Amino acid sequence: MPLALRQPSLFEPSLAACYTGPLANFSPPLVGGMPPLEAFKAARWRDINWLKQDLARFSSQYPNGDSRAVVSLWSKWHFNALTVPTLTANLLLNRDLPIGLDNVQVIFNKNGATARLWLPHEGSPLTTDDPFERFTTLIEQHWAPLIEQLAAISGAAQRVFWSNAGGYLDYYVHALAEHPLVNEAALEAAKALLETRTLPNGKRNPLFQPVRYFTPKGSEEVKRVRKLCCLRYLLDEFDVCGTCPLEGCDLQARKRTKQVTG
């Protein structure tokens, strides 16, 4: 018989109760009960044909758009919706949410992008401060298998999608550092995840320093710049984002080159 899931104590805040301060403008995931009719199991994305079908509505907004850029843009919506509750539970409540592909369900907005998640329960307690163990569900059970599929569909390198994921991880780690309920040990573990070059198995950590911070000469404002471009500039509807490492490059020339060689 499987062990019963640990339920949060009456004295512990719920996940939804944490959505204050820097999280005040976000909606928490739905937890427990029957999933809404529009929700579907993310596990079906292990089948590349299902994932292609689920990407079709989003892709239809960008007819003839570069598939690398379209799928990268979709991933940013999804990773954002996934990272906020995962970090909230991890850094504030010391809980590991059931966000593996085989547990979480997804709700799309009208454009086919992830808007909200449904989770079967509030998570299980985390008992380690090891950065890789704390985030293994997110990394190994969601990001890694999904990123492999997204790269195969789009033709973009996996590192583009890891950069998208790492960018949100970096952003919300810094944002949640200001939350009154933040657990300092958990916060340091999350920062270590982003500052460790190699994984415990000796392989490259794909989340290593996804963002760099510097102060431009003559300015007092710290600038945040991604290590890798998310490729959205390849779509006619977009320019570079505010954290793009390509800012200042001749993007029109890049687009023309893409059209000639693509």
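Up top is the structure.
Heads up: these notes are all about the structure in this document. (Residues numbered from 1 in each chain as written. Predicted model: local features only at pLDDT ≥ 70, side-chain atom pairs only at ≥ 80, totals over all residues. Heavy atoms only, no water.)

**Here's the deal with the packing of helix α4 (residues 136–154) against helix α5 (residues 158–176)**
Between two packed helices, what matters for the description is the angle formed by their axes and the separation of those axes. Where α4 contacts α5, the axes come no closer than 8 Å and their chain directions differ by 140°. For the element pair α4 / α5, the angle class is oblique. Of the two elements, α4 crosses α5, and the hand of that crossing is right-handed. Contact residues: α4 offers Ile139, Trp143, Ala144, Ile147, Glu148, Leu150, Ala151 and Ser154, while α5 offers Gln158, Phe161, Trp162, Ala165 and Leu169. (Axes fitted to C-alpha atoms, helices over the stretch in contact; angles between N-to-C directions. Helix = DSSP H or I, 4+ residues; strand = E, 2+ residues; numbered from the N terminus. Parallel < 35°, antiparallel > 145°, perpendicular 65-115°, else oblique. Left-handed = near helix turned anticlockwise from the far one by under 90°. Contact = heavy atoms within 4.5 Å.)

**Quick notes on a positive patch on the surface**
Side chains of Arg159, Arg197, Arg204 and Lys227 sit close together on the surface and give a patch of like positive charge. Tracing the backbone shows Arg159 in helix α5. (Patch = residues over 30% accessible without salt bridge, like charges linked within 9 Å, V, L, I, M, F, W, Y side chains within 5 Å. Areas by Shrake-Rupley, 256 points an atom, 1.4 Å probe, with all protein chains shown as cover. Salt bridge = Lys/Arg side-chain N within 4 Å of Asp/Glu carboxyl O. Lys, Arg positive; Asp, Glu negative; His and termini not counted. Charge placed at Lys NZ, Arg CZ, Asp CG, Glu CD.)

**With respect to the nonpolar core**
Trp45, Leu91, Trp143 and Leu150 are the most contacted members of the largest nonpolar core, which totals 65 residues. For this core, the elements supplying multiple residues, two or more each, are α1 (48–59), α2 (67–93), β4 (105–108), β5 (114–119), α4, α5 and α6 (184–195). In terms of residues, this core owes the most to one element, α2, which gives 13 residues. Residues within four places of Leu150 in sequence aside, it is in contact with Leu51, Leu55, Val71, Trp74, Ser75, Phe79 and Phe161. (Core = buried A, V, L, I, M, F, W, Y, C linked by side-chain atoms within 4.5 Å. Buried < 20%, exposed > 50% of the residue type's maximum accessible area, 1.4 Å probe, protein only.)

**Comments concerning the sheet that holds β4**
Read across the sheet, four strands follow the order β1-β5-β4-β2 without closing on themselves; strand pairing throughout is mixed. Where the open sheet ends on each side, the last strands, each with one partner, are β1 (30–31) and β2 (40–41). Pairing of β1 with β5 involves two bridges; the strand directions are parallel. Bridge pairing in β5 links Leu30 to Trp118. Contacts from α2 reach β4 and β5, with the element oriented near 40° to β5. (Pairing = 2+ DSSP bridges.)

**Some words on the pattern of salt bridges**
Throughout the structure, instances matching the rule amount to six salt bridges. Of the charged contacts, one joins Asp54 and Arg44 as a salt bridge, the two residues approaching to 2.7 Å between their closest N and O atoms. Placement of Asp54 in helix α1 and of Arg44 in the loop between β2 and α1 is noted, with a sequence separation of ten residues between them. Residue classification places Arg44 among the partly exposed positions, given a relative accessible area of 26%.

Geometric values such as these leave the question of function open.
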